[in-house]
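In case you want the letters, here they are:
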Amino acid sequence: MTRYLLRRLFWMVPLLVGISLISFLIMHLAPGDITTTEAGFNPKASQESRQKLRQLYHLDEPLIVQYGLWLKRMATLDFGTSFASHQRPVFLERKDDKGNVSKGMIQEALPITLLINVLSLVLIIAVALPLGVISALNPNKPPDRTITVFVFIGFAVPGFWLALMMMYWLGVAHDWLPISGLHSLGYEHLTWPARWWDTARHLAIPVFISALGGLAGISLFVRNGMLDVLHQDYITTARAKGLPENTVVYRHALRNALLPLITILGLSIPGLIGGSVIAESLFAIPGMGKLFYDAVLMRDFPVIMGILTIGAALTLIGNLLADLAYAWADPRVRRGVGG
Amino acid sequence: MKQALSNPLARWGFAIIATVLLLALLAPLIAPYDPDAIDVKAILLAPSSSHWMGTDGLGRDVFSRMLFGARISLLVGFVAVGIATAIGIVLGALAGFYRGWVDTVIMRLVDVMLTIPTFFLILAVIAFLTPSIWNIMIVIGLTSWMGVTRLVRAEFLSLREREFVMASQILGARDGRLIFRHLLPNSLTPVIVSTVLGVASAVLVESGLSFLGLGVQPPNASWGNILTDGKEYIEFAWWLSLFPGMAILLTVLGYNLLGEGLRDALDPRSNK
Amino acid sequence: MPRKLLPFLAAFFLLAACGRPADSSNADLNRPYPPQSGGTLVDAMAGEPSGLIPMLAGESAASAIAANIFNTLLKYDKNLELEGELAKSWDISDDQKTITFHLKPDLKWADGAPLTSADALFTWKLVTDDNTRTPYGADYKLVIRAEAPDAQTFRVSYAQPYAPALDSWAGLQILPKHLPQGQDINTTAFARHPVGSHYYQLAEWTNGERISLVRNPNATQGQARIDRLLSRFIPDPAAQFLELMADNIDSMGLSPIQYARIFPARPELNQKIALYKELGNAYTYLGFNLKHKPFDDQRVRQAINYAIDKQEIIDGVLLGLGEPVASPYKPGTRWSNPRLHPYPYDPEKAKQLLKDAGYADHDGDGILDKDGKPLAFEILTNQNKQREMSATLIQRRLKDIGIDVKIRVLEWASFIGRFIKTGDFDVVLLGWGLGQEPDQFNIWHSSQQAPGQFNFIGYSNPEVDKLLEQGRLELNPDKRQEIYHQFAKILLEDSPIVYLYAGYGLPAIHKRVKGIDNPAPPAGIGHNAYEWYIPEPLRRTEISAQ
């Protein structure tokens, strides 16, 4: 197991290098050099931020040196401070000499986005599993067809449009759910259970919207996986032995069909994080997506690069965890037999 | 194809796509108005016999704009997927044919691209390059080739072991001939499925970019920017968001149903 | 696992979907109520301030919030006349080069420390310090000497009379010397923990969510009636409007369609929300890059001006909720020249002017050309619905007279960085503010053309330069008026920009808020916000329960 883990970790190194290269390229994509694009109309501030940028990214050095320095910053998780006038640290909090702590921007935004994505993954699995199983047990029959059309509609509907309709229906027409934001006014005065409740109500629509788009992929995956497994010899054997159908389906078939799902979940992280831009702007949720979008509009390069890198690193961690879970569940991998 | 259409869902998908394509192609013939004709005396009219889908904030006919918007939205989808598929086939073929370090490098690149949140990448690049229909198509294409690469590579790897390929290799066929005559034609079937599904995703990505104001530029209409125009009046001028919303939904649904039908038909394992 | 989890999740979503404290009673919103203090006013902002030191943070969100926290020496009253705020009075020396401000006695900061002329001096030093990253320093750097001879007196001297001086002192918010002193102003924690002297002080700032202000017990201008001002950050305008409809925010600025179409169609909204109309603080224009051909030719600029139907834009884009302008000043104020009128819509005259300038459709493609080059250009504008729509209307009108126009909409950073600063554009569709001070040296003087400066269209007219220079030296209001009327007349004739419209501000405020002046005075409805009040029966239950 340790050897497996080490091998996996080793494989992450070239990926990290690739990620660093791409985020480095992004920064140099802006025509001219990055210092010619600024969000302000302010000759003086721009002179200064230009100089700051040049120093920060060593723009006067040859490209290869710049890249090396960027690699070093990445390795030490030092993404600097934002270009915005508050100059907050991009990633982790920092204390100044007076003891004032300024929170890191990603540090504050990340847990929010993670929470939404974890909840929506849980919701996806909870709904997609039964749907996939029902589909697989009735292939090409009406239940299967209905489910297929339903999950595809979920994928196909433009999320922000459905979200606005739900905000109107549940928030304005009926007053059942909050429309936007993360906390009600007066949240600080609530008791713990009431706080949980309040947050849950605020997250209900965003989590639903975010899960709806991912439902199709996972439920079809479960369906096809189950179909495959149900045709395998050992299932036929199990049936032949006279095991009850439920035992065959849930104990044997589903378990085996679920294994590859672990990997798929690991791979779905970047899509979920990326999808958060629109939802977070619409619902006024201060997560990674909104932070990234604002940073792009303000040309706040330290934040842009920080988020790209942290987002990618998260995916790597997610994939690693998925692989470990897979190895734990499937002894063949652990022993290094399988792929 | 025939086999795919034996699946009723795929038939529906095909019917939707065919209708939309036809409408888009015939837009100039069908559209009752010039899609850009402004009429400030007819702002935000509800659907009626003279304006089937009502009018927008400048009094333009929404139905005509939807028809011409279909062209733009589908064009974005097709070109973006075309780019992605071309890149995917080339890289996948190289990786699968030459294996060794070529394969390693290409597959690492695939892994890296799969690791970065794609929508973030698209957003940043389009904002920096300033949005235009070409930039949007190119950037979506450049960020969505990974699936095709994997598919083609896998096909190549398995085909290379097959007798007819080994035979012609032993007979001294050159690499180019091997790739283009034997391997490529036989590995394209799974690519078709991913292409069909890719168009659907590209249409959705364009509408998302429009929402953020980074989509196709006005006065060109795309479904995404018509929908975005309507989002502030969703319960008042409902026709501004309902029609483009439904159009995107049905088209994306159509491509997905067709794609799944094709996948079932092409997948040797799922013979019922 | 799934079977255990599913009911749990279902319960989560079902439960989450119901129940919420019933909103305030059905108290009558229209009945008169006596003024009363207390309550919370909730509004929404699209952006979040980066900090609350007004001279550093450029965003409109920051100025809006800082305006409730910090005082200025002078302010404009409801009729846009200057009066004292921290200053009790001010005198101007006989040579008109020195202004002496006399501060009101016993002023205090919110933390109880005395507010004196030393604070004003400190603020002046800060805004003129080269290390301070502020774009607003220019006006104050003209002060050659500033001093605080005693705690109540603050005196500034200029090398020559400077007419916009008083206006500039109505724009500089005074910071407390005892707090940020000794720290780097650009990075100080004071920006997120400000202490001011105005009606409110910062109570809480939740990143990305909201800023909440409470009444300042030591306020220098007396006590405001409303206890708490809460600003929620809601970037999407559609979401803001939904929040307004659901009664979760009390006020927002409406779009013309919301004002003129949605509200009239929805009596239930009108019952609880009142609409107001005030002359906006900006006008929208089409500006030519005068360094590019053919815009160096006055006839071409005038032709385009005649070919654009401004009333059509006001009716179509603003649904009539705006006014045409013919000078860069607020219509109806003393600086606006009443004898000037916008170019009428006259396509025939436009064609004639273009013909005089040598343009004709030689190749029969419907587009005018000269020397083999078609008359075609691109209008650049930023992501702003109204500007985008105006550009579309202009595009059509110009096509009518044979000009081929393309439109390009950009987000702000690219727009400024790639096109405005580099001068790489033909025509822009943008807006300028309509301030109380007539001096527009920065925008029109030929010396202000460097990259990043405001005369990016490259306007250069010696006569205008002279008037702008005179206007700065002249302190007599009547003479100033004459100068700026003349300036506006030349500008209109020369047509370096086409004035399109000045739109109305359209605030919608919940009827629970009382004491609002309607119709709005020249300064807008916000001028007496400290007198607004929310009668107790109309307050939100969820908040008054605290």
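Since the structure is predicted, the reported quantities are computational estimates derived from the model, not experimental observations. (Residues numbered from 1 in each chain as written. Chains lettered and ligands numbered in written order. Predicted model: local features only at pLDDT ≥ 70, side-chain atom pairs only at ≥ 80, totals over all residues.)

Participant: What is the right way to read the overall build of chain C from this model?
Facilitator: When helices and strands are tallied, chain C shows 17 helices and 22 strands. Computed over C-alpha atoms, the radius of gyration of chain C comes to 26 Å, within 12% of the 24 Å expected from 2.2 N^0.38 for 546 residues, which places it in the range of a compact globule. Along the three orthogonal principal directions, the C-alpha set of chain C runs to about 75 × 75 × 50 Å. Here chain C holds 546 residues, and the buried ones make up 46% of them. Excluding contacts between residues fewer than 6 apart, the proportion of contacts in chain C whose partners are at least 24 apart in sequence is 68%. (Helix = DSSP H or I, 4+ residues; strand = E, 2+ residues; numbered from the N terminus. Rg over C-alpha atoms; globule rule 2.2 N^0.38 Å. Buried ≥ 20, exposed ≤ 12 C-beta atoms within 10 Å, placed from the backbone. Contact = placed C-beta atoms within 7 Å.)

Participant: Please explain the interface of chain C and chain B as it appears in this structure.
Facilitator: Think of interface size as the accessible area that goes away when the parts come together; that is how it is often given. Taken together, the contacts link 24 residues of chain C with 17 residues of chain B. Where the side of chain C that touches chain B is concerned, the elements lending two or more residues are helix H6 (237-245), helix H7 (256-265), helix H10 (310-317), helix H12 (385-400), strand S19 (404-410) and helix H13 (412-420) of chain C. Considering every element that reaches the side of chain C that touches chain B, the biggest residue donor is H12 of chain C, with 5 residues. In terms of residue class, the side of chain C that touches chain B is made up of 11 nonpolar, 5 polar and 8 charged. (Nonpolar A, V, L, I, M, F, W, Y, C, P; charged D, E, K, R; others polar.)

Participant: Quick question: what am I supposed to make of the packing of helix H1 (residues 2-27) of chain A against helix H5 (residues 100-115) of chain B here?
Facilitator: Between two packed helices, both the angle of their axes relative to each other and the distance between the axes serve to describe the pair. Between H1 of chain A and H5 of chain B, the shortest axis-to-axis distance is 9 Å and the interhelical angle comes to 65°. Crossing hand, H1 of chain A versus H5 of chain B: right-handed. Contacts between H1 of chain A and H5 of chain B involve Pro14, Leu15, Gly18, Ile19 and Ile22 of chain A from the former and Arg108, Leu109, Asp111, Val112 and Thr115 of chain B from the latter. (Axes fitted to C-alpha atoms, helices over the stretch in contact; angles between N-to-C directions. Left-handed = near helix turned anticlockwise from the far one by under 90°.)

Participant: When you look at helix H8 (residues 233-240) of chain A in this model, what are you seeing that I'm missing?
Facilitator: Structurally, the α-helix is built with 3.6 residues per turn, so residues lying three or four positions apart point the same way. Across the 8 residues of H8 of chain A, 0 count as buried, placing the element largely on the outside. Looking one or two residues past H8 of chain A, Gly242 of chain A carries a phi angle of roughly 90°, positive in sign.

Participant: How should the environment of Arg228 of chain C be read in this particular structure?
Facilitator: Residue and element names in this part refer to chain C. Turning to its location among the elements, Arg228 is positioned in strand S10 (residues 228-233). Residue Arg228 is classed as partly exposed on the basis of its C-beta count, with 18 C-beta atoms lying within 10 Å. The sequence separation of Arg228 and Ser212 amounts to 16 residues, and the corresponding C-alpha distance is 7.0 Å.

Participant: Sorry if this is basic, but what is going on with the nonpolar core here?
Facilitator: Nonpolar side chains in soluble globular proteins generally cluster together in the buried interior. Met226, Phe292, Ile304 and Ile307 of chain A together with Leu123 and Ala124 of chain B are the most contacted members of the largest nonpolar core, which has 329 residues in total. In contact with Ile304 of chain A, not counting residues within four places along its chain, are Phe292, Ala295 and Val296 of chain A together with Ala124 of chain B. (Core = buried A, V, L, I, M, F, W, Y, C linked by C-beta atoms within 7 Å.)

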